[in-house]
Amino acid sequence: GAVVSQHPSWVICKSGTSVKIECRSLDFQATTMFWYRQFPKQSLMLMATSNEGSKATYEQGVEKDKFLINHASLTLSTLTVTSAHPEDSSFYICSARTGFLGYGYTFGSGTRLTVV
Amino acid sequence: GENVEQHPSTLSVQEGDSAVIKCTYSDSASNYFPWYKQELGKRPQLIIDIRSNVGEKKDQRIAVTLNKTAKHFSLHITETQPEDSAVYFCAASTDAGKSTFGDGTTLTVKP
């Protein structure tokens, strides 16, 4: 149980284009999803928290106009990297809270974004 | 905000030996402490977790200890095997659900 499906698993795009990453909770309702970014050999850094039906909360230093997050349903959250640049190349991964009291999280499989 | 420090950054042990990774956190409101194993190019996998009302938890060769007073928690792996080689991350979470991760420890188990 508690599976989060993330797509695509990898994507290559040209500078200036936009890329959408989807995370779906398959067998539970995810009222809250977290989006992380991980650069090579570094830790996971929280980018934003998305709550179903409301605006996402972004961490300091994360451009909300560049990383658009939509959490329109209890099973789907999307991250759109707009006007991508090579420095946006990274591993993006979502996580959903699975427990009633906020305990327990499950991660998506991650998306490797390469901007050329 | 929360700050999580993880040590060591790299750890090399001989197969069969034990490995210990330590983390400290700063926010006394943190009450959930998971540990993740991440193999190259893959998602982090939860391997064990502990909640603030428990001091120790064990699952086969893996154990985690928590000292809330000192704000530190540790991962212990006994009888290490080559397949334990990976990057391990600790995290501290509050009821709000946001996790702060440590910087990771690259564990290498030599056969």
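So, how was this worked out
- Residues numbered from 1 in each chain as written.
- Chains lettered and ligands numbered in written order.
- Predicted model: local features only at pLDDT ≥ 70, side-chain atom pairs only at ≥ 80, totals over all residues.
- Heavy atoms only, no water.
- Contact = heavy atoms within 4.5 Å.
- Buried area = accessible area lost by both parts, 1.4 Å probe.
- Salt bridge = Lys/Arg side-chain N within 4 Å of Asp/Glu carboxyl O.
- Polar contact = N/O pair within 3.5 Å; in protein donor to acceptor, adjacent residues only side chain to side chain.
- Helix = DSSP H or I, 4+ residues; strand = E, 2+ residues; numbered from the N terminus.
- Nonpolar A, V, L, I, M, F, W, Y, C, P; charged D, E, K, R; others polar.
- Disulfide = S-S within 2.5 Å.
- Buried < 20%, exposed > 50% of the residue type's maximum accessible area, 1.4 Å probe, protein only.
- 1 Å grid on protein atoms, 1.4 Å probe; cavity = no way out; pocket = protein on both sides within 12 Å on 5 of 7 lines; lining within 4 Å.
- Points joined across faces, edges and corners; volume = space filled by probe spheres on them.

## A look at the interface of chain B and chain A
- Residue-level contacts link 20 residues of chain B with 21 residues of chain A.
- At the boundary of chain B with chain A, total buried surface from both sides reaches about 1600 Å², with 54% on carbon and sulfur atoms.
- Here chain B and chain A share zero salt bridges between them.
- For the pair chain B and chain A, the interface holds three residue pairs in polar contact (both at pLDDT 80 or more).
- Secondary-structure elements contributing two or more residues to the side of chain B that touches chain A are β4 (32–38), β9 (86–93) and β10 (99–101) of chain B.
- For the side of chain B that touches chain A, the element with the highest residue contribution is β4 of chain B, accounting for three residues.
- Its residues assigned to classes, the side of chain B that touches chain A comprises six nonpolar, eight polar and six charged.

## Quick word on the state of the cysteines
- Tallied over the entire structure, the rule returns two disulfides over all chains.
- One disulfide bridge connects Cys23 of chain A with Cys94 of chain A, the sulfur atoms lying 1.8 Å from each other. Taking the sign of the torsion about the S-S bond as the criterion, the disulfide between Cys23 of chain A and Cys94 of chain A, at about -90°, is left-handed. Of the two residues, Cys23 of chain A sits in strand β3 (residues 19–25) while Cys94 of chain A sits in strand β9 (residues 90–97), which places them 71 residues apart along the sequence. You'll find Cys23 of chain A and Cys94 of chain A in the same group, each marked buried.
- The side chain of Cys23 of chain B participates in a disulfide bridge whose partner is Cys90 of chain B; the two sulfur atoms lie 1.9 Å from each other.

## Considerations on the layout of surface pockets
- Counted as a void, the largest pocket has a volume near 520 Å³.
- Every residue lining the largest pocket is counted, 24 residues in all, and those nearest its centre are Leu46 and Glu59 of chain A together with Glu2, Ser99 and Thr100 of chain B.
- At the level of secondary structure, the elements contributing two or more residues to the lining of the largest pocket comprise β4 (32–38) and β5 (44–51) of chain A together with β9 and β10 of chain B.
- In this structure, the second largest pocket occupies an estimated 400 Å³ of space.
- The wall of the second largest pocket is formed by 22 residues, among which Gln38 and Lys41 of chain A together with Gln38, Leu40 and Val87 of chain B lie closest to the centre.
- The residue makeup of the lining of the second largest pocket, split by class, is eight nonpolar, nine polar and five charged.

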